[in-house]
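Examination of the molecular architecture
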Amino acid sequence: MSPEPFRAVLLDDAGLAALRADPAVTVLDRREAQCADLAALRGEAPVEPDEPDVWVHYPWRRTVVGLLGRAAFRRLRLDRNRNKITAAEQERLHGLRIGVAGLSVGHAAAHALALEGLCGELRLADFDAIEVSNLNRIPATVLDLGVNKAVVAARRIAELDPFVELSVLDDGVTPDGVDAFLDGLDVLVEEADSLDVKVLLREGARRRGIPVVMVTSDRGLLDVERFDLEPDRPLFHGLVGDLDSASLRGLDTQDKIPHVLRILGAADLSPRIAASMVEVGLTLSTWPQLGGDVALGAATVAAAVRRWGLGRPLTSGRIRIDLDEDLDALDASLPTEPVADSASGPAEPTEPGPTPLEAAHPATSGILEAVRAAPSGGNVQPWYVESGPGGIRLLLDPARTTTMDVAHRGSYVALGAALFNARTAAAAAGALGPVALFPDDERPDVVASLRFGAGAETDADADADADADPDQRLAARHAGVLARGTNRALGRPQPLGDAVADALRDSAAAESGGLHLVEGGERLRAAGEAIAGADRIRYLTADLHREMFAELVRPGAGPAEEGIDVATLGLGAADLATLDIARRPEVMALLADWGRGAALGDDTRDRVASSSALAVVTVAGSSPSDFVRGGAAAEAVWVEAEAHGLAVHPVSPVFLFAVTPSDLRTLSVRFADDLAELQRSFRVAVGLGETDVVALVLRLSHTDVTPVRSRRRPVGAFHRTA
């Protein structure tokens, strides 16, 4: 119980006389005016005329006030409730005992309950004291600074109605005190900040059959849990599963985030709250709350309690009373021009033109499977394959592209990887013949042709050393091509070693590419910062954001033949929970307007920092052929790295395929200058020369985590025969 005074004291004659004699005490007699007001009331019969008046002492104000007696005071104070609340209903509600836990939002709710006369007893619990930063939403004053929040609320209610029975727990709700707080309550208004306390209170309320009401001061969210009618009802409507207070005690703050976001409904938060959640701990100390939203919540609590107390229908569930949404509808009746549907979906694939190749070759099926296994940005698989008796042709599918695929350079890298894979399969089958890039001047979509040779089948188990026959070396990589996968897990940084580094460089060089390895230290940190900064811009640029989330296949969405399964991202529970916030374009737009969102790059920053190295594959030019060669070099490095036990994860900063300032503006007009600076920082960190053009960036890590394989389109979806 609080040592600070919070109750109005009804005085006897001796007490009144003593205080009248104290010069520090102000005595106010308000009885005469109240008697006149009472006599003027219409309608129901007046109270008993012989009820004695009262003198009430407010110690914290050093003031004594003369008032009408209990019944007369209530009759006069609540007269303007009639007939929204009848006298009989008011009397029924007066018998309610209500507990309010958490007196930041709860202050307004408790005051509203007392204001409407919806209870005869209020129990208030909060351990915290009023601070200046509370004064945007708690109707306190600077005179209350440093005073316990529950005490401030109790004093305000006592000054409103000295006859409301009040008790205060100024150490808040604790495991030791929860039973005393809940015993005998009719309704619990739960507004605690701590998830542990929220669960603890609900467990106790459910055992006792006490209904729970909670408001969240964002979009007018109200939750009602009728444990009085549903003794086995899951806590929080089942949103947190079987979570209990005992298991919560073993979780740190980070582990609690997914539960909190599930309770809040991350996808349903207002854009400004959702955007602010990204900034908590960076530019914000905690989540924002507005006084108006808190006041709306208080009115909602009062309405719910009033319905319950009068036996009117009130089911368990969740509802939003969204004033912004309602205000947006003010002009809904105005005539509007029809808006064309911009979500027309992806363009229909371009059908490949006629092919001179006529029939299948025995090596074709193996080659097609190898092509199918090739990596591509966003797993879009931007290719067609035409096959015939003389060989295969790889074609660009221009419809399978995104904004980041500037001038189809990312697609050419993917086709280069697919060509490398096809060559390993052909070599393993002893059928590798001449390869040509862009062999048909009339068909720029034909990226490469591979003619079948007549050589003997090659030993695919042979070592792929630098001195081996090129066909032998390629054949030796065929099994690695089919087993290759993306591993996005956090790693354990450790040196690659000279032998591994040399083998990776040789693999790139064999495909006419260069390789820059960034291992540890300041260079890796600086490169990671540049990539993380570019990731932030990807979130904050509308087209890039839309395309990024269009690539993601959500859990439970069924088998995906393209795109990136969320299960492959290696995200922890907290990161998965925040994904619903990050996917919302209106939230990202606010962060962009505010110049915020640094935390959006945290995941990438952490993954790069956990890497043993970044492998930056480069080529000497920026033509389509150069990027095809770069893709082959990147795939060769990838397969080589996995052969040495390394996990590989391609990272694609937004500026990856931008060669000119115009390319950067194509990516993001708003952030083109920022991208230019990030690209410059990245090149400096990696140590690139002026003529080095980046084809792909790979994270190389040491980890024991087994990756989840992404699915691929079936061969029939991209294969054509004459």
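1. A word on the side chain of E225
- Take E225: it is sitting in strand β10 (residues 221-225).
- Exposure remark for E225: the relative accessible area of 1% places this residue in the buried category.
- The contacts of E225, once residues within four sequence positions are left out, are R202, I210, P211, V212, R233, P234, L235, F236, H237 and S316.

2. Some remarks on the environment of H644
- Looking at the element boundaries, H644 is found in the loop between α24 (624-643) and β20 (647-651).
- Judged by relative accessible area, H644 falls into the partly exposed class, the value being 38%.
- Between the C-alpha atoms of H644 and V500, which are 144 residues apart in sequence, the distance is 7.1 Å.
- If near-sequence neighbours (up to four positions away) are discounted, H644 is found in contact with V500 and A503.
- At 3.0 Å, the side chain of H644 forms a polar contact with the side chain of E640.

3. Quick look at the confidence of the model for the protein chain
- Model confidence for the protein chain is summarised by a mean pLDDT of 90, while 92% of its residues fall at 70 or above.
- Contacts for the low-pLDDT stretch residues 337-359, under 50 throughout, to residues beyond four places or in other chains number 37 contacts.
- Note on residues 456-462: pLDDT is under 50 here. Beyond four places in sequence and across chains, it has 17 contacts.

4. Focus: a negative patch on the surface
- Residues D324, D326, D328 and D331 make up a contiguous surface patch of negative charge.
- In this fold, D326 is placed in helix α13 (residues 323-328).

5. Brief notes about the nonpolar core
- By size, the foremost hydrophobic cluster in this structure holds 120 residues, and its most contacted members are I367, V371, L504, F682 and L700.
- The leading source of residues in this core is helix α15 (residues 409-428), at 13 residues.
- Within the second largest apolar cluster, 56 residues are counted, among which are V56, F73, L96 and A150.

Scoring rules and cut-offs
- Residues numbered from 1 in each chain as written.
- Predicted model: local features only at pLDDT ≥ 70, side-chain atom pairs only at ≥ 80, totals over all residues.
- Heavy atoms only, no water.
- Helix = DSSP H or I, 4+ residues; strand = E, 2+ residues; numbered from the N terminus.
- Buried < 20%, exposed > 50% of the residue type's maximum accessible area, 1.4 Å probe, protein only.
- Contact = heavy atoms within 4.5 Å.
- Polar contact = N/O pair within 3.5 Å; in protein donor to acceptor, adjacent residues only side chain to side chain.
- pLDDT = per-residue confidence, 0-100.
- Patch = residues over 30% accessible without salt bridge, like charges linked within 9 Å, V, L, I, M, F, W, Y side chains within 5 Å.
- Areas by Shrake-Rupley, 256 points an atom, 1.4 Å probe, with all protein chains shown as cover.
- Salt bridge = Lys/Arg side-chain N within 4 Å of Asp/Glu carboxyl O.
- Lys, Arg positive; Asp, Glu negative; His and termini not counted.
- Charge placed at Lys NZ, Arg CZ, Asp CG, Glu CD.
- Core = buried A, V, L, I, M, F, W, Y, C linked by side-chain atoms within 4.5 Å.

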